[in-house]
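Here is how the chains run, residue by residue.
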Amino acid sequence: GEEVAQTPKHLVRGEGQKAKLYCAPIKGHSYVFWYQQVLKNEFKFLISFQNENVFDETGMPKERFSAKCLPNSPCSLEIQATKLEDSAVYFCASSQSIAALDEKLFFGSGTQLSVL
Amino acid sequence: DAKTTQPNSMESNEEEPVHLPCNHSTISGTDYIHWYRQLPSQGPEYVIHGLTSNVNNRMASLAIAEDRKSSTLILHRATLRDAAVYYCILRDIRGSGTYKYIFGTGTRLKVLA
């Protein structure tokens, strides 16, 4: 597709429940990024992939967060045993190239996760 | 990671030019300067990026100081649709295994009709 598709748009979970978010990158884009936006303006990098391989996972709280990008499937971000502080908008972005001259990220419209 | 500093908010009148400043005094020689904007209820959207020379595209211009410690995003004629949070981001292209953008807190641009 021509845009990054994130599903669902909204997700409500009780504390301790599992949450799974999906992201279909733009066709032909090899790089996928996940970001968490907790407060209105603050973005936190979580993880990036090159195809199905993890590229940078320095932002992932590994004890409860996991992510995958498998061939021919949407990428996913899973949170086991959600906590109140996981409430945020989760953005996925994809990029065709990581060469500096033409590198640009295309973001999806996000998934709003509310943990009650 | 090098950091950026931007004013929290700015206002502009419609149809007038807007200059959005960004300070990045700790920028390294391999850092590209990227600008993204986030419209209400949407994900960030690419605006422009550059390394040393000034850059122009259909959306905006990017003016980069000679010492690269600051840059300015220029919207030539602001419209109501330009109201958004604008983020200045340094993107280090060195090495392997590092592909994250470090977002600052951005500048909220308000455009007055």
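Remember, it's a predicted structure, so these values are computed and weren't measured experimentally. (Residues numbered from 1 in each chain as written. Chains lettered and ligands numbered in written order. Predicted model: local features only at pLDDT ≥ 70, side-chain atom pairs only at ≥ 80, totals over all residues. Heavy atoms only, no water.)

So, about the pattern of salt bridges. Evaluation of the coordinates by the stated rule reveals eight salt bridges over all chains. Between Glu-103 of chain A and Arg-91 of chain B there is a salt bridge; the shortest N-O distance is 2.5 Å. Of this pair, Glu-103 of chain A sits in the loop between strand S9 (88–95) and strand S10 (106–107) while Arg-91 of chain B sits in strand S8 (residues 84–92), placing the two residues on different chains. In this structure, the salt-bridge partner of Glu-45 of chain B is Arg-37 of chain B, at a minimum N-O distance of 2.9 Å. Taking relative accessible area as the criterion, Glu-45 of chain B reaches 31% and is therefore assigned partly exposed. The class of Arg-37 of chain B is buried, set by a relative accessible area of 10%. Salt bridges sharing partners connect three or more residues here, namely Lys-18, Lys-20 and Glu-78 of chain A. (Salt bridge = Lys/Arg side-chain N within 4 Å of Asp/Glu carboxyl O. Helix = DSSP H or I, 4+ residues; strand = E, 2+ residues; numbered from the N terminus. Buried < 20%, exposed > 50% of the residue type's maximum accessible area, 1.4 Å probe, protein only.)

Okay, the interface of chain B and chain A next. Interfaces are often sized by the accessible area lost when the parts come together. Tallying the contact residues gives 22 residues for chain B and 22 residues for chain A. A buried area of about 1900 Å², summed over both sides, lies between chain B and chain A, and 56% of it is on carbon and sulfur atoms. At the junction of chain B with chain A, the criterion picks out one salt bridge. Across the contact surface, chain B and chain A share five residue pairs in polar contact (both at pLDDT 80 or more). Elements with a contribution of two residues or more to the side of chain B that touches chain A: strand S3 (31–38), strand S4 (45–50) and S8 of chain B. (Contact = heavy atoms within 4.5 Å. Buried area = accessible area lost by both parts, 1.4 Å probe. Polar contact = N/O pair within 3.5 Å; in protein donor to acceptor, adjacent residues only side chain to side chain.)

With that settled, the discussion passes to the state of the cysteines. Taken as a whole, this structure holds three disulfides over all chains when the rule is applied. There is a disulfide in this structure between Cys-23 of chain A and Cys-92 of chain A, and the S-S distance comes to 1.8 Å. Where Cys-23 of chain A bonds to Cys-92 of chain A through sulfur, the torsion about that S-S bond is close to -55 degrees, and the disulfide is left-handed. On the criterion of sequence distance, the pair formed by Cys-23 of chain A in strand S3 (residues 19–24) and Cys-92 of chain A in strand S9 is long-range, its members being 69 residues apart. The exposure class of Cys-92 of chain A is buried, given its relative accessible area of 0%. Two residues, Cys-22 of chain B and Cys-88 of chain B, share a disulfide whose sulfurs are 2.1 Å apart. When the S-S torsion is -85 degrees, as for the bridge of Cys-22 of chain B with Cys-88 of chain B, the disulfide is left-handed. Here the residue Cys-22 of chain B occupies a position in strand S2 (residues 18–23), and Cys-88 of chain B occupies one in strand S8, the gap between them amounting to 66 residues. Its relative accessible area of 1% is what places Cys-22 of chain B among the buried residues. Each bonded cysteine in chain A gets a number by its place in the sequence, and the pairs come out as 1-4, 2-3. (Disulfide = S-S within 2.5 Å.)

That's the geometry; what it means functionally is another story.
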